[in-house]
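Each chain, written out:
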Amino acid sequence: MRIPSRPAVLSLLLATVGCAHGVRAQERAAATRMVLLIADGAGVAHWTAALMAGDSVAVAEFPSAALVDPGNTTSPQVESASTATAYAIGERTIYGGIGVDAELEPRPTVLEVAEDHGRATGLVTTTFLLDATPAAFAAHVPNRSDWAEIARQMLDQDIEVLMGDGLEWFDSLPIRERYLVVTDAAGLEAVDTDTVSRLLGLFPIDDVADPARRRPSLAEMTKTALEILDRDPDGFFLLVETEHTDHRAHDNAPLSTIQAEMLAFDEAIRVVVDYRSRHPETLIVVAGDHETGGLALVADEADSVRARYVTPGHSLELVPMFSIGPGADDLTGILSNAAVGRALLAHAAGSWEGEGDIPGSPD
């Protein structure tokens, strides 16, 4: 295992407290293409683990970073539904709420606002599509476990690309009337992205423990989604999630397992970074939703590094966020999850004015 030098780790993690010095000025205009990548359950130690496993990570080149408070309105405990909803609607909600505000009223999501402004949309995840994070952008229910209603609402949306696990939840619905449906990696590879306008990929990947054996990979799904969404001249919004960083931290998995999951996520980020090299109007935001495990990296008496956990559940730690593209220089400091959502909504609506702060009052 390669242990990164102290300067290498600090150069990444000092940025997460929002140090503005040396941050490149970004284009002061609303992004027309947005990709939000979420590593479920990933905190600072998860990113440190990734740095230990390789020479670098893609977000090390991102000019802006922040720490995000993952709180909700009803519980000191944190979880994916309420934070994903805050990212999606720009407001905090109850523990377990999906696409609703604290009064359980449906609120427009980033995905829906993008659709209303003529942009293509997509949801990509390594878990089942009805799980909390993707659901928060495409459905409105007070309980994250109302999967049948989430499936119905998700298919009622005008979403061009849906990819994840969960064939059993969609197979009884009229999916083939609206989508080209693929169910394995070979089917995805055969998709002609120049002609297919609506794609539903339902793959048995959630239970595959080794990311090297998970096919299609998150990077492969992300690449296909971008190729389809790129055809919309008005732009797009794409959510990309890896759930397995959360799964493995709940398992209190060894360091090598966490590293493998983070590097698989890093591959997906690199696909988006490569896309942005050709489309600089793209805003990329990489974030956790909450931290899982209370993970710490410690050296034992033999000077080998191992993972140490304080819980099999979620901790209350702030989570790192990295961004690049139009408006990224305002996504710095310590932010609430709702503040991040308000920024994404402003870009989706084309109303980001680049005034140096995030729309709306502080939480």
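Higher on the page you've got the structure.
A short tour of the structure in this document, coming up.

### Comments concerning the sheet that holds strand β6 (residues 199-202)
- Spatially, 10 strands are ordered β5-β6-β4-β3-β7-β1-β8-β11-β2-β12 in an open sheet, and the strand pairing comes out mixed. Strand pairing shows two members of the sheet lacking a second neighbour, β5 (180-182) and β12 (333-336), which therefore form its edges. Sheet twist, expressed as the mean angle between neighbouring strand axes with direction ignored, is 15°.
- On the sheet, helix α12 (residues 337-348) packs against β1 (33-39), β2 (64-69), β8 (282-288), β11 (319-324) and β12 and is oriented at approximately 85° with respect to β12.

### Considerations on the side chain of Glu 112
- Here Glu 112 shows up in helix α4 (residues 110-116).
- For the buried Glu 112, no salt bridge is present, and the opposite-charge side chain at shortest range is Arg 107, 9.4 Å distant.
- With near-sequence residues (within four places) excluded, Glu 112 lies in contact with Arg 107, His 140 and Gln 157.

### Brief notes about the side chain of Thr 85
- By the secondary structure assignment, Thr 85 is in helix α3 (residues 80-89).
- Overall, Thr 85 belongs to the buried group, its relative accessible area being 0%.

### Quick notes on unusual backbone geometry
- For the peptide bond that leads from Arg 215 to Pro 216, omega is 0°, which places it in the cis range.
- Within the fold, Pro 216 resides in the loop between β6 and α9 (218-229).
- A positive phi angle, near 65°, is found at Asp 303, a position not held by glycine.
- Position of Asp 303 relative to the elements: it lies in the loop between β9 (296-299) and β10 (305-308).

### With respect to helix α6 (residues 147-156)
- Here α6 has its buried residues at Ile 150, Ala 151, Gln 153, Met 154 and Leu 155.
- Buried residues along α6 sit against β3 (120-128), α5 (132-138), β4 (161-165) and α7 (167-170).

### Remarks on the packing of aromatic side chains
- Scanning the entire structure with this criterion turns up 6 aromatic pairs.
- Measuring from centroid to centroid gives 6.2 Å for Trp 47 and Phe 265, while their planes differ by 55°, and the two rings are tilted. Of this pair, Trp 47 sits in helix α2 (residues 44-53) while Phe 265 sits in helix α11 (residues 255-278), and the two are 218 residues apart along the sequence.
- On the basis of relative accessibility, which here comes to 2%, the residue Trp 47 falls in the buried class.

### Digging into the packing of α9 against α11
- The contact between α9 and α11 brings their axes to 8 Å, and the two run at 25°. Compared by their axis directions, α9 and α11 come out roughly parallel. Viewed along their axes, α9 and α11 form a crossing whose handedness is right-handed. Taken together, the residues of α11 that come into contact with α9 (itself represented by Leu 218, Ala 219, Thr 222, Lys 223 and Leu 226) are Phe 265, Glu 267, Ala 268, Val 271, Val 272 and Tyr 275.
- Tallied by class, the residues present in the contact of α9 with α11 amount to 8 nonpolar, 1 polar and 2 charged.

Parameters at a glance
- Residues numbered from 1 in each chain as written.
- Predicted model: local features only at pLDDT ≥ 70, side-chain atom pairs only at ≥ 80, totals over all residues.
- Heavy atoms only, no water.
- Pairing = 2+ DSSP bridges.
- Helix = DSSP H or I, 4+ residues; strand = E, 2+ residues; numbered from the N terminus.
- Axes fitted to C-alpha atoms, helices over the stretch in contact; angles between N-to-C directions.
- Contact = heavy atoms within 4.5 Å.
- Buried < 20%, exposed > 50% of the residue type's maximum accessible area, 1.4 Å probe, protein only.
- Lys, Arg positive; Asp, Glu negative; His and termini not counted.
- Salt bridge = Lys/Arg side-chain N within 4 Å of Asp/Glu carboxyl O.
- Phe/Tyr/Trp six-rings, centres within 6.5 Å; stacked < 30°, edge-to-face > 60°.
- Parallel < 35°, antiparallel > 145°, perpendicular 65-115°, else oblique.
- Left-handed = near helix turned anticlockwise from the far one by under 90°.
- Nonpolar A, V, L, I, M, F, W, Y, C, P; charged D, E, K, R; others polar.

Don't take any of this as a statement about function, it's just geometry.
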